[in-house]
Each structure stands twice: as structure tokens, then as C-alpha cells.
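One letter stands for each residue in the lines below.
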Amino acid sequence: MAQVSITVNGKVRKANVEPRVLLAHFLRDHLNLTGTHIGCDTSQCGACTVLVDGRSAKSCTIFAVQADGSQITTVEGLAKDGKLHPLQEGFWEEHGLQCGFCTPGMIMSAVNLLNEHPQPTEPQIREGIAGNFCRCTGYQHIVNAVQYAATKAGR
Amino acid sequence: MATPVLPKLVGQRVKRREDPRLIQGLGTYVDDIKVAGMQFLAFKRADVAHGRITSIDTSAAAAMDGVEAVFTGKQLAEFLAPMPIGTPFPSPEHRAVAVDKVCFVGEPVAVVVASDRYLARDAADAIVVTFDPLPAVVDPEQAMTGKPTIIHSAFANNLAVPLIPSGTGVAPDGSKMDDTAINKAFADAEVVISQRMVNHRLAPSAMEPRGVLAHYEPGRGTMTIWSSTQNPHILRTMIAAMNGLGQDQVRAIAPEVGGGFGAKINIYAEEYVAAAISKRLGLPIKWTEDRSEAFVATIHGRDIIGYVDIAARRDGKVLGLKLRLIADIGAYNMLLTAAIPTLTMLMANATYDIPAVRATLTEVFTNKTPTDAYRGAGRPEATYFVERGMDMLARELKMDPAELRRKNFIPKDKFPFATQMGAVYDSGDYAKALDKALEVANWKDLKAQRDKARAEGRLVGLGLAMYVEVCGIGPSASLPTGGWEHSQVTIERDGRISATTGASPHGQGNETTFAQMLADQFSVPFEHVTIHHGDTSVVKQGIGTFGSRSQAVGGTALFMAGTKTKAKMAKFAAAMLEASEEDLVFENGKIFVKGAPAKGKSFADVANFAYIPVPLPPGLEPGLSEEAFFEPSNNTYPFGCHISMLEIDRDTGEPKLLRLVAVDDAGHLINPLIVEGQIHGGLAQGIGQAMIEEVVYNSDGQLITGSFMDYALPRAIDFPRFELESTVTPTPVNPLGAKGVGEAGTLGSTPSIVSAAVDALSEFGVKHVDMMLRPEKLWRIIQAPRPGSGQGGAA
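Residues numbered from 1 in each chain as written. Chains lettered and ligands numbered in written order. Predicted model: local features only at pLDDT ≥ 70, side-chain atom pairs only at ≥ 80, totals over all residues.

Caption draft 1: How the structure looks around the overall build of chain B. Scanning chain B for helices and strands turns up 20 helices and 28 strands. Against the globule reference of 28 Å for 795 residues, chain B gives a C-alpha radius of gyration of 28 Å, in line with a compact fold. Oriented by its inertia axes, the alpha-carbon framework of chain B measures out at about 95 × 70 × 55 Å. When burial is assessed residue by residue, chain B has 58% of its 795 residues classed as buried. Here the analysis covers contacts within chain B between residues at least 6 apart in sequence; of these, 79% occur between residues at least 24 apart. (Helix = DSSP H or I, 4+ residues; strand = E, 2+ residues; numbered from the N terminus. Rg over C-alpha atoms; globule rule 2.2 N^0.38 Å. Buried ≥ 20, exposed ≤ 12 C-beta atoms within 10 Å, placed from the backbone. Contact = placed C-beta atoms within 7 Å.)

Now the structure itself:
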């Protein structure tokens, strides 16, 4: 067992974990932050995407012990003071989700994308979310959702 | 004071009410649920495709600290019966966990129960199984020879279904066959197109893998089972039957379900095992599928070979169609496995008025994961075979593919139209959908663009396909579960509305569309309506969501239950207003005598009176809660036209989809925004099949595409922006006029894309290319020596 101290959505969480516990399982099973989903076991699907020290990362590729001392933001930490993040708003406005399973990871990747490219072109959006699979939407409404958020932030 | 006027919501692009929880990570999927004392399952699975189990050593696993129990197939068979199927076809015994023989890679051979998911996996890995390997067969046409192996001894030549004939001259029960008409069609033909086509195997790949949590409570003698399923009521029926429980003693819950696409219709081995072990041990048991497991343990889709023959005159009139189908169903029959290819036969008539159609179907066992329903389920296969054949005919006759179709359409004044295959198409206007698609795509201009690109040496092609599908299947004679849906609409004491639906959604947005319908029906605010689903103890009866049925069948049941409830509410209001119920109107949250809104009663006042009726109006029972079962008299037949433009890189063979225009006619639409999303998703899966997705086995029956590293699930960069339009031809089958739209996108996309690829490759004399359009395959065509030139194509 190893002791970790990880700041998740602004709160310091200390825990004893097996060294092999994935960050995704740590968030889901230990902290009950079940918004972070697991859709594959080879780090392709991106459903588990969170922000680690402000940058998007697939939490199934990281052991909890590797995240010791870092700042994690999950989808649960995105809305502030009861107000949705512009991307969350965009996904709702533009019907950017159906079953919702890929959505938290998709939104977290899009947060990273807009951090790097506040006014992305459509190819930049498609490239920026290429590490996240969605089987329901065909991505078009997701692209619209990201454009909505970018436009809103740009105003 | 002016009353605020409530907007009519049906037909509007209403934002989904499911979304706020899902975009904040607040949805609850099966794996998010915890029950105190919960144990985890892990399966040991076969790593050979065909073999006899010679030994299983579970001692190391059983000795691990935290391992509650280990069961081999033999031990499980003592308290778990073979898996049932839902079709009337003969079927070999199929154990949830293999007893003495395995027939595909991934078939379970033992199961571990442990206190932690990591530990369960460790223990499963510690089980040692030895096999006496048998030859494997993965090619269905080879399997039909009975060589090199027979998978199930009672099924000679591996024939699960030896041969079913259907169509012109065939008696409905298949007993008599008269070949006169079909033979005449081919004898009279001026041109015949013949082609073998493969509609290959796919992995459905819902983003949420399957999962189950079974909790048998010995004190109460009841079972609660949460599962990532499309149909909790069917799950309840099967789990009860397999565990010696009554349906009243089992509660099945489909919480948030992360996509299904047909693959979550089945009741799977893991669900039966979790329930049986929970009952055996009296412990809550959870299993969550890994993605690598999903590739072998969740059903696959399609995998059917079609031999297509079309007889026609030189003017383009089609005289006859023959379709010989060979379906590779994998190692076992699952719930609906054997029935899916019969839908391909049913839809062989496509959108055309063909004098003679003959289809035959053979289903074959191979050493692969079983197939079953995958989005489209039988209809995309029919569409693909017929539409590719029509495209080949157009090419042969040097006719515009649109004009060839137009020449053969079932005319709009011939509906309802009884096809040669025994279907009765409810309504249709195929020329209208075609015209709309040609207009949206700007077909003439598109052809000019293609020709210009070709003149520049680019390989650009166009493809067009029509489709008609069968949805909202009913009546009950055509569905083993019953072909109805159920709903209950309750006006609560405070005037808010609770409604239930058996059409349990998994991304379709029924909470929104159904609330739109009730808000309009009662003229109350949308926010005052809640739709409950997915829990058999809340939703009394139901079938589920599949076959694009939730709106056409479930929505109609909701509408009918609403109508009954509204009629009773009108009786209470009539008593309060001392008026005749026929004179009442429901408007803007009030009920009043027509023309006298000021003297009306609020919705909440009437609701309250219905629950505290002093005095009780004569002939009425207290309360406002009515239910309805709706069984359609016929299926619905949505249709449409898809047009693709595609370019192939001459140097690398890589195809790129430049445009995809889809015109779909699903009848009346409740929420066009949600419909758009459904079509986008269907298109994405069709494009995926045509261009990059393929399940591949090697000759030993090992799955080569066993993870997302090897199976190409489409990404955002793989698609152009889809261009959608619709036409509206309501169905007479239900009062909503809605046909269903969930699968439409998968139908026209594959043939239109492959036809575009063939068009792009036309300079190489190509007549047909099988999916998927692997660059290497296309590159070989481009590079192949051309007749007469003695040179490679890409000189």
C-alpha cells in the first residue's frame, strides 16, 4: 500500500492505495466520483479523461500513485457555483450527447482543446477530440457544442 | 390578467432533459452502483476457438485471500440450466459457462467470486485450463461442407438453418415452391447482373461495456438485478425463469444505459451467472465487462454473404431478383440470432415493384462469437445487396443510378403495398425522397464536379442508394416477446404528471420526447411532466427499445394512456363545473367550458378533487391513473435516399468521404433535434462499416481485432459534416403517424459509399468492391495490370 495525497476538484484527498490502482478506479471506487467513466482497457476511448494539473489525461493510463501531489479536475468539478461550464452548456444546447457515457471525457478533452485553441477551426476541433470515441452522435453535434462554447467565451 | 400561452412542443427542437445530469457526471450507470457486501465476478475464458476441456485447476485461485468462491462450468451446471433462446429454430445446448467443450475464443470456462475487482481478475488468471484442441472453422462456406469440423454434432454440415425459401411462388410456410415466375423473369431478361457480396462482421461497441449487479435477498426471497440492458422486462422474465422465481419476485432495473445498438437486447451468460451465484451465495454480485472481453463476449453484428442476381430489360425495368443468403451466425444461437437474417429476406423487395423475387437463407455455425441484432439488424444487409446490385445494373446499362431507381419504384398510389416477400409496406413516396436528395446534393452539379476532378486525374466517385426498412415490429405474432408496448399516465394529486413507459431508452431521449407529447396533450408546462422507465417495479409492463420502436409503439401506448387519463379527468372537471365533459377544453394548465376560460378550474384543482372527491361523482372511481397497451396491426416502413461523394488517393488507396447527403422519411417527428442525432449516429455506424470497421479472425479462430487498438472505431476526423433533409409520409399504423428512425442511418450509407468507391475506380474496370474499403485493397485495384496495357493502373 502507498499513501497518496491528491487534490481533486479543489479538495485534498489522502488515501492508502495499492500501487497498481489506476487513477480512474481511484476516482470512481475510492472517491465515488463516478462521472469519470471507463470504456476500454487500452487507452483508446477517452471516456476516463480528466485534467491533471490543467492538462487533459486519460486516467486509465495513470496509476493513482503517479498522481500523488497533483491537481485533478473531473467533470464533477467543472460547474462553478451552480453555473454550468460553457462546454457543458454547449453540449446541452447543441444535443452533443445521447447515451452520455463518453460525455464527461469528451467535455474534459474539449476543455483542454479550448485552453490551447480558444477559437478553434472545425478541423482543429475534430483533431482535438480524436482521442475520444463516441458511438452515438457521429460527432457533428459535439463539434457544434465545442463551437458554441468557443463562441460564447469569445464574446 | 392574460394567461400565459404554453407553446406547442411536438415537432419542436426541444433540448433534452436527460442532459443536465449527464453533462455533470451525475448519471448512474450500472458500474456506478454499490451495494454493501458486493462481490465481483471475473471469468476465465477460452483461448482456443474449438476444443475439449481436459482439465481445470482452480486450486490456486480458490486459495487466494478474498476469493469467495470459484465455479467451473460443470459446477455451475448443477444449478444453472442451459441458456434459452427467443426464436423457434432448433438450437444446440448452450451453457453460460462451458461444461466440456468450447466453440469460440472467449467462451467462459470458469468464474471467480472475489471481494475486489482486481483480485477477481488475479484469481481468474490463476486458473489453469487445458484443452484438447479441435480443428476450427471460420469461413461459413467452408463450414457448410462439414470440413474440417462439425461444431455441434446434431447439426450436419454445421447448418443451423439448412435453407428457408421465401418470395414469389413460395407458400408462406415454405412447403410449396413454384419457380415459374422467377424462371420466366430470368428467361425474359436482356441483361443479368450476378455478384457475390459480403456484408462483413462488426463489433457493436456501445461506449459503456456491459455490466450487471445481481442482488438476491434470501430473507425476502426476491432478486433485484441491475443491468446495462435495452429491455429490463425481458431480462426480468428470463432471470425469473432461470432462477426458479416468479416474475413478481424479480425486479430488473436498467439504470442509465450507455448505448446498446442492439447488442444489449440479449440476456447474456454473465447476467445468468451473476444472478444464479447471487442466489446461491446470498450475496450481491457485480460484473463489469472489460472492452477486450466485449469484443469476444458481446454479440457481433452482420456477417452475411449475399449472392445477388438481377434480371432486367435494357430500358432498366427490373424483371426479377434472386438473393441467396448465407449467414455466419458464429458458435451458438443467442436470443434472436437466427431471426435476424430472416429480416434480410423480408426486405429483399426493397423500394421496387419487381414482378418476381426469390430469396433463400442458410444459417451456418462457425467457431466465432455469436451474431445477433446490431443497429439495422438484417435490413442494412438487404439494402446493401439490392442497392449494390441496382448500382451495378445502372453501370451496365450506362443509366443514371437515380433514373434506374425511379423506373422501378413502387408508385406512391400503390400503398399499402404487399411485397413478394410477404411484407405489407404501410406508406411511401420514394420518388419524393429521391428528388429531395438529388436537390439537396445538387446531383447535376455534383456530377459535373466529379467529372472535373477526374479530368484533373483525381479518383472521385458518386454513389446513391435508396432504402426502406421495417420498424416498430408488430403485432404480437411477429415478435416472440409480444409486439406491443405499455404505458401508464398518472395525474398526481398536485396536478403534475408521472408517466411510465416500457420502451426503456439508452440514449434515445424518451424522457424528453414523451414529456413533449404529454405536455401538449394536457396543455401543461413541460416541466410538470416526468417520464419513468427502466425499472420493472415502477413500470408495470414493457418490451423494450429496439427495432426503432420506442416512438412508434411506445409513444403510441403513452398517447393512448394519456387519452384515457384525460377522459377521466374531464369527467371530474365536468362535475366541478357542472358542465358536460364534451364541452370542456384543456388549455394552458386550465380546464374550462369552451369560450369561458375565466370560470375554469386549474389543472391542480381538478387533480386534487379527483383524489378527494367530495362528493364522488356518480359512476367514477377516485384517482387519475390509466394505462394502455398498444399493439400495432402492422410494422412501419420508413425509407429514404442517401448520396455519397468519395475520393480515393491514387498513390495510397486511401478513401476519403467528401459528402454524405441523407434524406430520411420517418413519418411525423416529435423532436427533429433528437431525430437528427439519431440519423447522425446511424450514418456514423454505416460509414464505419463501409470504410474502416471490420471484425477479423485468423484461420485458427483467433480474434485479430480484439481491442480498440485493432478494431477501428470511427473518430471525429473520419467524418465530413452530414447533410440532412427529410420528407414526411405519415404511417396509418399508429395515431401519431410516426415510423421510427433509430436505425435509418445505417441503411443507405453503406451501399451509397461503396457505389461511390466503385464509381471512383471506374477507370480500372471495377464492378464491385466488398466492404470495408481498406486502402490496401483499393491500392491493389489501382496498381493491378490493366487488360491490354501490360501496365499498372497508376502509371
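Next comes the rest of the account.
Caption draft 2: The arrangement of the overall build of chain A in detail. Helix and strand content of chain A: five helices and five strands. Starting at the N terminus, the α and β elements of chain A follow one another as β-β-α-β-β-β-α-α-α-α. For a compact globule of 155 residues, the expected C-alpha radius of gyration is about 15 Å, and chain A comes in at 15 Å, within 12% of that figure. For chain A, with 155 residues in total, the buried portion stands at 57%. In chain A, of all internal contacts separated by at least 6 residues, the share reaching a separation of at least 24 is 61%.

Caption draft 3: Main features of the interface of chain B and chain A. Counting from both sides, the interface comprises 44 residues of chain B and, opposite them, 43 residues of chain A. Mapped onto the side of chain B that touches chain A, the elements with two or more residues apiece are helix H1 (19-23), helix H9 (291-297) and helix H18 (672-691) of chain B. The greatest single-element share of the side of chain B that touches chain A, amounting to seven residues, is contributed by H18 of chain B. A per-class count over the side of chain B that touches chain A returns 21 nonpolar, 13 polar and ten charged. (Nonpolar A, V, L, I, M, F, W, Y, C, P; charged D, E, K, R; others polar.)

Caption draft 4: Highlighting the environment of Gly589 of chain B. Residues and elements named next belong to chain B. Within the secondary structure, Gly589 sits in the loop between strand E22 (584-587) and strand E23 (590-593). Each C-alpha atom of the pair Gly589 and Gly495 lies 9.2 Å from the other, and the pair is 94 residues apart in sequence. Not counting residues within four places of it along the chain, the set of residues in contact with Gly589 comprises Ser523, Val524, Pro525, Ser602 and Phe603.

Caption draft 5: Region of interest: unusual backbone geometry. Cis geometry marks the peptide bond from Lys147 of chain B to Pro148 of chain B; its omega dihedral reads 0 degrees. For Pro148 of chain B, the location among the structural elements is in the loop between helix H5 (140-143) and strand E7 (159-167). For Asn9 of chain A, which is not glycine, the phi torsion reads 50 degrees and is therefore positive. In this fold, Asn9 of chain A is placed in the loop between strand E1 (2-8) and strand E2 (11-17). At Phe261 of chain B, a position not held by glycine, the phi torsion is positive, near 60 degrees. Classification of Phe261 of chain B as buried rests on a count of 29 C-beta atoms within 10 Å.

Caption draft 6: The pairing of E22 of chain B, seen in detail. Residue and element names in this part refer to chain B. Direction of pairing for E22 relative to E23: antiparallel, over a ladder of four bridges. Paired with Val585 across the bridge in E23 is Phe592. Linking E22 back to E23 in an antiparallel pair, the connection comprises two residues, with Asn588 at a positive phi of about 50 degrees. (Pairing = 2+ DSSP bridges.)

Caption draft 7: Main features of the domain arrangement of chain B. Residues and elements named next belong to chain B. The assigned domain composition of chain B is domain 1 (19-25 + 481-630), domain 2 (33-134 + 207-259 + 264-297) and domain 3 (301-471 + 635-783). Each of domain 1 and domain 3 has a C-alpha centre, and the two are 40 Å apart. At the interface, 15 residues of domain 1 touch 16 residues of domain 3. Put simply, the parts of the chain that give the side of domain 1 that touches domain 3 at least two residues each are helix H15 (510-522) and helix H16 (550-577). Residue contributions to the side of domain 1 that touches domain 3 peak at five residues, all from H16. Residues belonging to the side of domain 1 that touches domain 3 are distributed by class as follows: four nonpolar, ten polar and one charged. (Domains from an automatic or database assignment.)

Caption draft 8: Layout of the domain arrangement of chain A. All names here are of chain A. When the domains of chain A are assigned, the result is domain 1 (2-77) and domain 2 (86-154). On a C-alpha basis, the centroid separation for the pair domain 1 and domain 2 is 21 Å. Across the contact, 15 residues belong to domain 1 and twelve residues belong to domain 2. Elements supplying a minimum of two residues to the side of domain 1 that touches domain 2: strand E3 (49-52) and strand E4 (55-58).

Caption draft 9: Molecular detail of H16 of chain B. Along its 28 residues, H16 of chain B runs 38 Å from first to last C-alpha, staying within 8% of the 40 Å computed at 1.5 Å per residue. Positive phi appears at Glu578 of chain B, one or two residues downstream of H16 of chain B, with a value of about 50 degrees. (Expected span 1.5 Å × (residues − 1).)

Caption draft 10: Quick look at the sheet that holds strand E28 (residues 723-726) of chain B. All names here are of chain B. In space, the four strands of this open sheet follow the order E18-E26-E27-E28, with mixed pairing throughout. With partners counted over all chains shown, the strands left at the sheet margins are strand E18 (459-468) and E28, one partner each. Within this sheet the neighbouring strands show an average axis-to-axis angle of 15 degrees, counted without direction. Strand direction decides the pairing type here: strand E26 (residues 639-648) and strand E27 (residues 655-665), joined by ten bridges, are antiparallel. When the sheet's bridge partners are listed, Leu646 is paired in E27 with Leu657. Of the strands in this sheet, E18 and E26 touch helix H14 (residues 443-455), which is tilted by about 150 degrees from E18. (Axes fitted to C-alpha atoms, helices over the stretch in contact; angles between N-to-C directions.)

Caption draft 11: Summary view of the packing of H16 of chain B against helix H17 (residues 603-611) of chain B. Residues and elements named next belong to chain B. H17 packs onto H16 with a crossing angle of 95 degrees between their chain directions and a minimal axis gap of 9 Å. Considering the angle they form, H16 stands roughly perpendicular to H17. Mapping the contact onto sequence places Met569, Phe572, Ala573 and Met576 in H16 and Val606, Phe609 and Ala610 in H17. Grouping the amino acids of the contact of H16 with H17 by side-chain chemistry returns seven nonpolar, no polar and no charged. (Parallel < 35°, antiparallel > 145°, perpendicular 65-115°, else oblique.)

Caption draft 12: Representation of the nonpolar core. Residue and element names in this part refer to chain B. Among the nonpolar cores identified, the biggest contains 303 residues, and Leu41, Val112, Val273, Ala348 and Ala757 are the most heavily contacted of them. Of all the elements, H16 adds the most residues to this core, at eleven residues. Leaving out residues up to four positions away in the same chain, Val273 has contacts with Leu41, Leu76, Leu80, Ala96, Val97 and Val111. (Core = buried A, V, L, I, M, F, W, Y, C linked by C-beta atoms within 7 Å.)

Caption draft 13: Region of the structure containing the packing of helix H2 (residues 86-93) of chain A against helix H5 (residues 140-154) of chain A. Residue and element names in this part refer to chain A. Packing of H2 against H5 brings their axes to within 8 Å, and their N-to-C directions diverge by 135 degrees. With respect to each other, H2 and H5 are oriented oblique. Considering the relative orientation of H2 and H5, their crossing is right-handed. Facing H2, whose interface residues are Pro86, Leu87, Glu89, Gly90, Phe91 and Glu93, H5 presents Ala145, Val146, Tyr148, Ala149, Lys152 and Ala153. (Left-handed = near helix turned anticlockwise from the far one by under 90°.)

Caption draft 14: Local environment of the confidence of the model for chain B. Residues and elements named next belong to chain B. Per-residue confidence for chain B averages 96 on the pLDDT scale, and 98% of its residues sit at or above 70. In the predicted structure, residues 790-795 sits below a pLDDT of 50 and forms 13 contacts with residues beyond four places in sequence or in another chain. Predicted complex, confidence summary: ipTM 0.98, pTM 0.97. (pLDDT = per-residue confidence, 0-100.)

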